[in-house]
Every structure is written in C-alpha cells, then in structure tokens.
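Topology and contacts: notes
Chain by chain, the residues:
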Amino acid sequence: MRKVILTTGGTGGHIYPALAVARELKKRGVEPIFVGTSHRMEKDMIPQEGYKFIGLDVKPLKNIASIFKMLKSIIKAIGIVRKEKPDAILGFGNYISVPAILAGIILRKKIYLQEQNANLGFANKLFYRLSKMSFLAFEKTYDDLPIKYHKKLKVTGNPLRSEVYMVNRKIERERLKIEDDEKVLLITGGSLGSKSINDAILSKWERTLAEKKIRIYWATGKNHFETINQNLNKYKPNDVIKPYFSNMPSIMAVSDLVVCRAGALTISELIAMEKPSILIPYQSIKVGQYENAKILEETGASYIYKNSEAEIAIERAMDLIKDDIELAKIRARIKVLKKDRAAEKIVKAMDIWGRK
Ligand SMILES: CC(=O)N[C@H]1[C@@H](OP(=O)(O)OP(=O)(O)OC[C@H]2O[C@@H](n3ccc(=O)[nH]c3=O)[C@H](O)[C@@H]2O)O[C@H](CO)[C@@H](O)[C@@H]1O
C-alpha cells in the first residue's frame, strides 16, 4: 500500500488542511500517517479522526533544552521514516514539521510542502528549495520567492473540510431555528480564541443585548471561556457562547457577517462560503495575519481593524449586519477569490502514482 507522512500540528489552521488531504489520500487507497507533537491539539484531533498518529517531543526553539528536544526529535523522525518507508512526506509548516521533513531529506524521500498563509512561514522557507513542490493557498506567496523557484510552486487554495462545501445555509438555518428576519453574527478568534476580540465584545455587550434581531454565535477559545462566562450576567435567549464550535462550517453557513482574526484557514473558509467579514488580525509579524487579511480587504470583501480598534470593529459589525445591500455587494466581490478542490489537486500533483 502507498503511504504518505503528513507532518503537522499546533493549531487548527495547520491541522484541518492536513486532515482534508488525509481524507483525499485515503479515498484513493493511500495510507496517511501523521507526525506531530505529543503535547498540542493534534494529539487528540488526529486519532479521533481514526488516523495513525506519532507524537514527537518537540518545542519551539527558545533555549538549550528545546534545541536538545529538536535534535532528539530529528533522530526519532529518521527512525519513523526508515520504518514506515513513505512514498512522500508532506509538511504543513511551522517548527513541528521540521523533524519529519529533515528526516525525509536525509533519507532522500520526496518532499512536498503546503503553505496556508499569504506569506511563506519560516519552516517552509527553510525547505522549499529542497522540496519537489510547494502547494500555495494564495497567488500572493509568489512574491516571497525568487523567480527561478516559481516552477516548484502550485496554487491550489487551502484544503478545507468537506463540510465547508456541503453545508446548506437554508437547511442549517431551519435546523438551528433561525427566524427569517433574524441576522446571525459569528465571532471567532481562530482555533485558540482571541483575548482582544473577547474583551471588545464584553465591553460592547450592552449594545449587543439591545439588538434583539441579531443572534450571536461566539467561540471564545477554550482558555478564555470560564472567565467570560463568569462575567456575563445577561444573555439574549438565542445567543450561543461556547469555547469552540466543532460544527464551525454549519455556524459559518448560517452567518450573515463574521468578526474574526485573520488565520489562513478562517480566511479560506470565508472565501469558500462567500461570507462578509470584519477582520482584526493577530498583530505578530511572524504569524503574518495582516497579509492574509489584505487579500480580502483589497477585493472589497472585508474591513480590517487593529487590536486597539476592536471595540470600534464591533460597533461597525452591528451596523454592517443590517445593511443588506452592502452585504450582497461583498458576497458578489468575494467570488473571484474562490478556489475549489484543493485537497484533490494536491494529492493528484504528488509524484506517488507510478508503478511500485
Ligand atoms: C495564533 C496563530 O499562530 N495563528 C495561526 C494559526 O491559526 P489558527 O488555527 O488560530 O486559525 P485559522 O483561522 O487558520 O484556523 C482555525 C480553524 O479552526 C476552526 N475553528 C475555529 C474556532 C472554532 O470554534 N471552531 C473551529 O472549527 C476554523 O473553522 C478553522 O478551520 O494557523 C494559521 C494557518 O497557518 C495561521 O494563519 C494563523 O496565523
């Protein structure tokens, strides 16, 4: 049986695209094997989906102890690649992917990379020269790399959960008992939640309570939920506040507007589901969310606010969600960014299909 090692982890934004590719590989008779860390969300999410998962004890490189762990993980990864004999290794970026990709390079395996963001992240920057192909979510990433490497790049879009393409807004609205004249505002800070966005909603909570025809779905992030729950004493009966929505595609489908960070997967889901948004990118140059947000803003499909303007962003959301004409214009503009069947394009482009 053909095998592909998928190396990923850390946040939903890195794990969901790998799961989408795994599903496509399995459909075509290829066994996906995951390599991640033994202490972040992939250790639960991936086995729950029924895939083989190997966790390494790898941490971000900050001190001597973490360098030592990285070296040990590289040695362990060499052992894994030797034993599993994969036909290829596909990395989804960040420090977690480094040991398995390096092991693959040492053992002369076919290396592929997937970049979720508008800018190439540091791990993918380390390895793109040695990979057979890097699969990009956005055309913008070409700007990061010298022209002589452009033949090693392929824009596919981000591989998304199949539910994103399958959910039907009308059916989901009926299932969630949303009235015809009720608007739905989704608030999400990405897979880990966002303190800045949460604080802004809390300080504008009275305003949201006054908006009887706006139903709020608010994913606070697991670490922030308890404190928020203790601070809220009044709710509108239909508002739904949870640490995490595991049915995010359904919630996004019923939404009229989304207030969120600009993680690459959320951006790709907004595009796929044609959703207007107000973006408050996470302000770290390393993470590069501002560049992701600009792709939507430049298409006229979103408005960007800084962390320090998060309360203004919430006020704006309360007005924009009632402006049906502007929302319709945004939904029309966003269509040009759509890219379908990314997982299928990636799997077909991998050089694993020859005779064994
Ligand atoms: C802080 C940080 O390092 N963030 C990075 C992380 O994003 P992070 O994982 O935070 O965010 P993304 O927007 O990329 O992905 C979040 C994923 O989780 C899902 N979701 C989220 C909340 C929820 O309640 N339920 C749910 O299912 C979303 O639908 C989406 O599929 O990886 C992304 C992809 O490399 C980067 O662009 C982000 O900059």
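Residues numbered from 1 in each chain as written. Predicted model: local features only at pLDDT ≥ 70, side-chain atom pairs only at ≥ 80, totals over all residues. Heavy atoms only, no water.

**Some remarks on the overall build of the protein**
Check the secondary structure of the protein and you find 16 helices and 13 strands. In terms of overall size, the protein behaves like a compact globule, its C-alpha atoms giving a radius of gyration of 21 Å where 356 residues would be expected to give roughly 21 Å. A principal-axis box enclosing the C-alpha atoms of the protein has dimensions of 60 × 40 × 40 Å. Here the protein, with 356 residues, has 56% of them falling under the buried criterion. Summarising the internal contacts of the protein: among those between residues at least 6 apart in sequence, 64% fall at separations of at least 24. Of the roughly 16500 Å² of accessible surface on the protein, a fraction of 54% belongs to carbon and sulfur atoms. Side-chain charges in the protein split into 63 positive and 40 negative, and the spacing between the mean points of these groups amounts to 9 Å. (Helix = DSSP H or I, 4+ residues; strand = E, 2+ residues; numbered from the N terminus. Rg over C-alpha atoms; globule rule 2.2 N^0.38 Å. Buried < 20%, exposed > 50% of the residue type's maximum accessible area, 1.4 Å probe, protein only. Contact = heavy atoms within 4.5 Å. Areas by Shrake-Rupley, 256 points an atom, 1.4 Å probe, with all protein chains shown as cover. Lys, Arg positive; Asp, Glu negative; His and termini not counted. Charge placed at Lys NZ, Arg CZ, Asp CG, Glu CD.)

**Some points on the site of the ligand**
Taken together, 24 residues surround the ligand, and among them Asn 117, Ser 191, Thr 266, Glu 269 and Val 287 come closest. In this structure, His 14 approaches the ligand through a side-chain N or O atom, which is 3.3 Å from an oxygen atom. In this structure, an oxygen atom belonging to the ligand sits 2.9 Å away from a main-chain N or O atom of Leu 265. Across the complex, the protein chains shield 92% of the 770 Å² of accessible surface that the ligand would expose by itself. At the level of secondary structure, the elements contributing two or more residues to the shell around the ligand comprise α1 (12-27), α12 (264-272) and α13 (289-298). Residues belonging to the shell around the ligand are distributed by class as follows: nine nonpolar, 13 polar and two charged. Domain assignment of the residues forming the shell around the ligand places at least three in each of domain 1 (3-157 + 340-349) and domain 2 (164-337). (Near = heavy atom within 4 Å. Polar contact = N/O pair within 3.5 Å; in protein donor to acceptor, adjacent residues only side chain to side chain. Nonpolar A, V, L, I, M, F, W, Y, C, P; charged D, E, K, R; others polar. Domains from an automatic or database assignment.)

**Points about the layout of surface pockets**
Approximately 860 Å³ is the volume attributed to the second largest pocket. As for the second largest pocket, its lining consists of 32 residues, and the residues nearest its centre are Tyr 16, Leu 19, Met 45, Glu 49 and Arg 161. Mapped by element, the contributors of at least two residues to the lining of the second largest pocket are α1, α2 (42-48), α6 (163-166), α11 (248-254) and α16 (342-349). Its residues assigned to classes, the lining of the second largest pocket comprises 15 nonpolar, seven polar and 10 charged. If you count residues domain by domain, the lining of the second largest pocket takes at least three from each of domain 1 (3-157 + 340-349) and domain 2 (164-337). (1 Å grid on protein atoms, 1.4 Å probe; cavity = no way out; pocket = protein on both sides within 12 Å on 5 of 7 lines; lining within 4 Å. Points joined across faces, edges and corners; volume = space filled by probe spheres on them.)

**A few points about unusual backbone geometry**
Phi at Lys 85 takes a positive value of approximately 50°, unusual for a residue other than glycine. Tracing the backbone shows Lys 85 in the loop between α3 (64-84) and β4 (88-91). The exposure class assigned to Lys 85 is exposed, which follows from its relative accessible area of 57%. Positive phi, close to 55°, is recorded for Arg 341, a residue that is not glycine.

**Thoughts on the pairing of strand β3 (residues 52-56)**
Inspection of the sheet shows strand β2 (residues 31-37) paired to β3 by five bridges, in the parallel sense. Its bridge partner lying in β3, Gly 36 is registered against Gly 55. (Pairing = 2+ DSSP bridges.)

**Describing α1**
Compared with the 22 Å implied by 1.5 Å per residue over 16 residues, the 22 Å span of α1 between its first and last C-alpha is a close match. Along α1, 12 of the 16 residues are buried, which leaves the element largely enclosed by surrounding structure. Residues of α1 that are buried: Gly 12, His 14, Ile 15, Tyr 16, Pro 17, Ala 18, Leu 19, Ala 20, Val 21, Ala 22, Glu 24 and Leu 25. Immediately downstream of α1, the backbone of Gly 29 shows phi near 80°, a positive value. (Expected span 1.5 Å × (residues − 1).)

**As for the sheet that holds strand β6 (residues 133-136)**
What the seven strands build is an open sheet, ordered β3-β2-β1-β4-β5-β6-β7; its pairing is parallel. Each end of this open sheet is capped by a strand with a single partner; those strands are β3 and β7 (153-155). Shown here is a sheet whose adjacent strand axes are inclined to one another by a mean of 20°, direction ignored. When β6 meets β7, the two strands line up parallel, connected through three bridges. For Ser 134, the partnering residue across the bridge sits in β7 and is Leu 153. Running at roughly 150° to strand β5 (residues 111-115), helix α4 (residues 98-106) makes contact with β1 (3-7), β2, β3, β4 and β5 of the sheet. (Axes fitted to C-alpha atoms, helices over the stretch in contact; angles between N-to-C directions.)

**Examining the UniProt feature "domain: Glycosyl transferase family 28 C-terminal" (unreviewed entry) in the protein**
In the numbering used here, UniProt assigns the "domain: Glycosyl transferase family 28 C-terminal" (unreviewed entry) feature to residues 184-326. Annotated as residues 184-326, this span is 43% helix and 17% strand, and its ends, taken at the C-alpha atoms, are 16 Å apart. (UniProt positions renumbered as here; feature names shortened; annotations may be inferred.)

**Side note on the sheet that holds strand β11 (residues 257-260)**
Pairing is parallel in the open sheet, where six strands are placed in the order β10-β9-β8-β11-β12-β13. Two strands bound the open sheet, and with one partner strand each, they are β10 (240-242) and β13 (302-304). Each strand of the sheet is rotated relative to its neighbour by a mean of 15°, with strand direction disregarded. For strand β12 (residues 277-279) and β13, the ladder comprises three bridges, and the chain directions are parallel. Following the sheet pairing, Ser 277 is matched in β13 by Ser 302.

**With respect to the pattern of salt bridges**
Here the structure, examined in full by the defined rule, presents 34 salt bridges. Linking Asp 239 and Lys 236 is a salt bridge whose minimum nitrogen-to-oxygen distance equals 3.1 Å. In this structure, the salt-bridge partner of Lys 338 is Glu 274, at a minimum N-O distance of 2.6 Å. Of this pair, Lys 338 sits in the loop between α15 (324-334) and α16 while Glu 274 sits in the loop between α12 and β12, placing them 64 residues apart in sequence. What makes Lys 338 partly exposed here is its relative accessible area of 33%. Beyond isolated ion pairs, a larger network of salt bridges with shared partners links Lys 204, Arg 207, Glu 211, Glu 315, Asp 319 and Lys 322. (Salt bridge = Lys/Arg side-chain N within 4 Å of Asp/Glu carboxyl O.)

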